[in-house]
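# Observations on the three-dimensional arrangement
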Amino acid sequence: MKTDLKTYIVQLDINFTSERVHFDGIYLYMFYLQVATDLYKKHQQSLSAASIKVLIELYSSIALHAREMNRESILLKKLQKACSVLEISGPPMVHFENESFQNHLNFLQNIRLHDNFMHDEIELDQELVAVCETVLDIYLNCAGSISTFHKSDTMPAPHRKLPLSSAKKEEIAARTSLVISALQGLAGLKKDSFRRYIPGFFHLLVDLVRSEHTSGEVQHALSNMFRSSVGQIIMD
């Protein structure tokens, strides 16, 4: 019995140590993001296309890692348990994910605005659209509107959508500024690029129109996009 108890205590300590590593890792990744941002600002004029690609991969990797961490329900439960026992506040998982994707978007948009020569060497629009699609998809899943991209043809359409919980509404509110940035990023594409990529994300825009929001800013950003970018394509 003593051996079993000792083993349990050791295992419990290992679990807490492991979750503490995850907890500290969040701040380490955010430090990496800040270093990458400062590096670009300081050496913007001298960075080669190869260096820019490395930074893009760094932003992308951190954002996707943040997404995976936030999707691991078992990990989240362990973190909550560890934080409760250690009497510390829980890790800001949603904030970490939002910041990671926002930094990625900001970086890509800065390159598009200030480094025009990079367009010939890096598929910036393709990378930007991919990030924006991921952001919109995350928001839709949070709002309980599963993207039509993930829906099965055999899945019956629900007759009535259940109201969102207060926790979900808080999360949607926390993600609002990011989804607006994604919509603005898509709307900022040049006409030819927007026409090229809209078949891939139009279903996300439709689902956003149907979704419940905690702020009118999302509808406003959608309205601007349909009036300017989508409207131009229809009128042509």
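Described in the following lines is the structure provided in the data block. (Residues numbered from 1 in each chain as written. Predicted model: local features only at pLDDT ≥ 70, side-chain atom pairs only at ≥ 80, totals over all residues. Heavy atoms only, no water.)

## Quick look at the overall build of the chain
- Broken down by element type, the chain carries 8 helices and 0 strands.
- Secondary structure elements of the chain occur, N-terminal to C-terminal, as α-α-α-α-α-α-α-α.
- Counting over 236 residues, the chain shows a buried share of 40%.
- Restricting to contacts in the chain with at least 6 residues of sequence separation, those with at least 24 account for 78%.
- Accessible surface computed for the chain: about 14,100 Å², of which carbon and sulfur atoms make up 56%. (Helix = DSSP H or I, 4+ residues; strand = E, 2+ residues; numbered from the N terminus. Buried < 20%, exposed > 50% of the residue type's maximum accessible area, 1.4 Å probe, protein only. Contact = heavy atoms within 4.5 Å. Areas by Shrake-Rupley, 256 points an atom, 1.4 Å probe, with all protein chains shown as cover.)

## Quick look at the packing of aromatic side chains
- Within this structure, the stated rule accounts for 7 aromatic pairs.
- Ring centres of Y29 and Y32 lie 6.1 Å apart, and the angle between their planes is 80°; on these two criteria the pair is classed as edge-to-face. Of this pair, Y29 and Y32 are both found in helix 1 (residues 2-43), 3 residues apart, which corresponds to roughly one turn of the helix.
- Looking at Y29, the relative accessible area reads 26%, which means it is partly exposed.
- Judged by centre distance (5.6 Å) and plane angle (75°), the ring pair of F194 and F201 falls under edge-to-face.
- When its relative accessible area of 0% is taken as the criterion, F201 is described as buried.
- Ring pairs connect the aromatic residues Y29, F31, Y32 and F96, which therefore count as one cluster. (Phe/Tyr/Trp six-rings, centres within 6.5 Å; stacked < 30°, edge-to-face > 60°.)

## Topic: the nonpolar core
- Counting residues in each nonpolar core, the largest one holds 54 residues, and the members touching the most others are I52, I56, F107, L136, L183, L186 and F201.
- Counting residues per element, the ones that place at least two in this core are helix 1, helix 2 (49-71), helix 4 (93-114), helix 5 (124-142), helix 6 (166-187), helix 7 (191-210) and helix 8 (216-235).
- Among the elements that line this core, the one with the most residues is helix 5, at 11 residues. (Core = buried A, V, L, I, M, F, W, Y, C linked by side-chain atoms within 4.5 Å.)

## Looking at the packing of helix 5 against helix 6
- Contact pair helix 5 / helix 6: the axes reach a minimum separation of 9 Å and the direction vectors enclose 155°. As judged from the angle between their axes, helix 5 and helix 6 are roughly antiparallel. The handedness of the crossing between helix 5 and helix 6 comes out as left-handed. In contact with L128, V129, C132, V135, L136, I138, Y139 and C142 of helix 5, helix 6 contributes K168, E171, I172, R175, T176, L178, V179, A182, L183, G185 and L186.
- Here the contact of helix 5 with helix 6 is built from residues that sort into 14 nonpolar, 2 polar and 3 charged. (Axes fitted to C-alpha atoms, helices over the stretch in contact; angles between N-to-C directions. Parallel < 35°, antiparallel > 145°, perpendicular 65-115°, else oblique. Left-handed = near helix turned anticlockwise from the far one by under 90°. Nonpolar A, V, L, I, M, F, W, Y, C, P; charged D, E, K, R; others polar.)

## Quick look at the pattern of salt bridges
- By the definition in use, this model includes 6 salt bridges.
- Here D125 and R112 are joined by a salt bridge, their closest N and O atoms 2.9 Å apart. In this pair, D125 sits in helix 5 while R112 sits in helix 4, placing the two residues 13 residues apart along the sequence. Neither D125 nor R112 differs from the other in exposure class; each is buried.
- Two residues, D207 and R210, come together in a salt bridge whose shortest N-O distance is 3.8 Å. (Salt bridge = Lys/Arg side-chain N within 4 Å of Asp/Glu carboxyl O.)

## Points about the environment of V218
- Mapping V218 onto the fold places it in helix 8.
- On a C-alpha basis, the gap between V218 and T176 in space is 7.0 Å, while along the polypeptide they are 42 residues apart.
- When neighbours within four sequence positions are excluded, V218 is seen to be in contact with Y139, T176, V179, I180, L183 and H213.

## Thoughts on empty space enclosed by the protein
- Counting across every chain of the model gives 1 cavity of 30 Å³ or more.
- The space that makes up the largest cavity amounts to roughly 30 Å³.
- Along its surface, the largest cavity is lined by N98, V135, I138, Y139, R175, L178 and V179.
- Looking at the lining of the largest cavity, the elements that each hand over two or more residues are helix 5 and helix 6.
- Along the lines of polarity and charge, the residues of the lining of the largest cavity split into 5 nonpolar, 1 polar and 1 charged. (1 Å grid on protein atoms, 1.4 Å probe; cavity = no way out; pocket = protein on both sides within 12 Å on 5 of 7 lines; lining within 4 Å. Points joined across faces, edges and corners; volume = space filled by probe spheres on them.)

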